[in-house]
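Architecture and fold: a report
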Amino acid sequence: MTSKPTPSGIIVCLPQAELDDYVGVVETLIQEGFHNFALHASAECAAEVIAIFRSRATFGSYRASTVDQVATASEAGASFVLLDAPDDVVIGSALDLSLACFAAAMTPTEVRAVLATGATGALLFPADVVGHALGHRLAEVGIADRVIPLGGIGAYAAGEWFKAGAPAVCIEATLLGDAFTGGSLTQLRDRSGSFISVQKKQFPDS
């Protein structure tokens, strides 16, 4: 069964939160130019969030690790999953549900092992530990275009991953800051600028 299209550009990974908090933050980010989001696999109101914004953004699930979590993400309307581990059964369940599927890896050898399972690609985690220079090494061996990095990535590092050929980059606290704990949405808009600039350089039509 064919998987749904791979997300491209910046994927904003959202923490577990209340529905009202999601609405305020996601609306702000969409207005600023973000169109790909990943909800935590344990987010209780994922279906509601996706229903509100699905006409304006693409949603996936991250930190998924079980067949049940993959099924729940699919039922909620997710189009991709970012898995915590390269479990063949969980990967197979995602692909059976036509979800683009990226499973965790950290080294080139682990990335190749993930790709050998039939997964859409590998989720390189934690990206801040190995650094963005690894992206160019993965490009040298022809697999950077199948890798999405996650973990502690700022705007500059995101740009370097895109230059190396990564189809998408996951962003978390470096963008979100305290937006989900009472922080200013105006400041969230301010932080968005550098990330959107990087995205537009790589994806001018985004």
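Rules and cut-offs
Residues numbered from 1 in each chain as written. Predicted model: local features only at pLDDT ≥ 70, side-chain atom pairs only at ≥ 80, totals over all residues. Heavy atoms only, no water. Disulfide = S-S within 2.5 Å. Helix = DSSP H or I, 4+ residues; strand = E, 2+ residues; numbered from the N terminus. Buried < 20%, exposed > 50% of the residue type's maximum accessible area, 1.4 Å probe, protein only. Contact = heavy atoms within 4.5 Å. Pairing = 2+ DSSP bridges. Axes fitted to C-alpha atoms, helices over the stretch in contact; angles between N-to-C directions.

Another aspect to go through is the state of the cysteines. As enumerated under the stated definition, the model contains zero disulfides in all. Summary of cysteine pairing: Cys45 is not part of a disulfide, and the nearest cysteine sulfur, belonging to Cys13, is at 16 Å. The structure places no disulfide on Cys170, whose sulfur is separated from the nearest cysteine sulfur, that of Cys13, by 4.0 Å.

With respect to the helices and strands, Gly151 occurs in the loop between β7 (147-149) and α8 (155-164). Overall, Gly151 belongs to the buried group, its relative accessible area being 5%. Each C-alpha atom, one on Gly151 and one on Thr174, is 9.4 Å from the other, the two residues being 23 residues apart in sequence. Discounting residues that sit within four places of it in the chain, Gly151 has contacts with Phe125, Ala127, Asp128, Cys170 and Glu172.

Judged by pairing direction, the sheet is parallel, and its eight strands sit side by side in the order β7-β6-β5-β4-β3-β2-β1-β8 without closing on themselves. The open sheet has two edge strands, β7 and β8 (168-171), and neither has a second partner. Looking at each pair of strands side by side, their axes are set apart by 25 degrees on average, direction ignored. As judged from the four bridges shared by strand β5 (residues 100-105) and strand β6 (residues 121-124), these two strands associate in the parallel manner. In the sheet register, Ala103 faces β6, and the bridge partner there is Ala122. Along the sheet, helix α1 (residues 19-32) makes contact with β1 (9-14), β2 (36-40) and β3 (58-64), crossing β2 at roughly 160 degrees.

It is worth stressing that arrangement in space is one thing and function is another; only the former is reported here.
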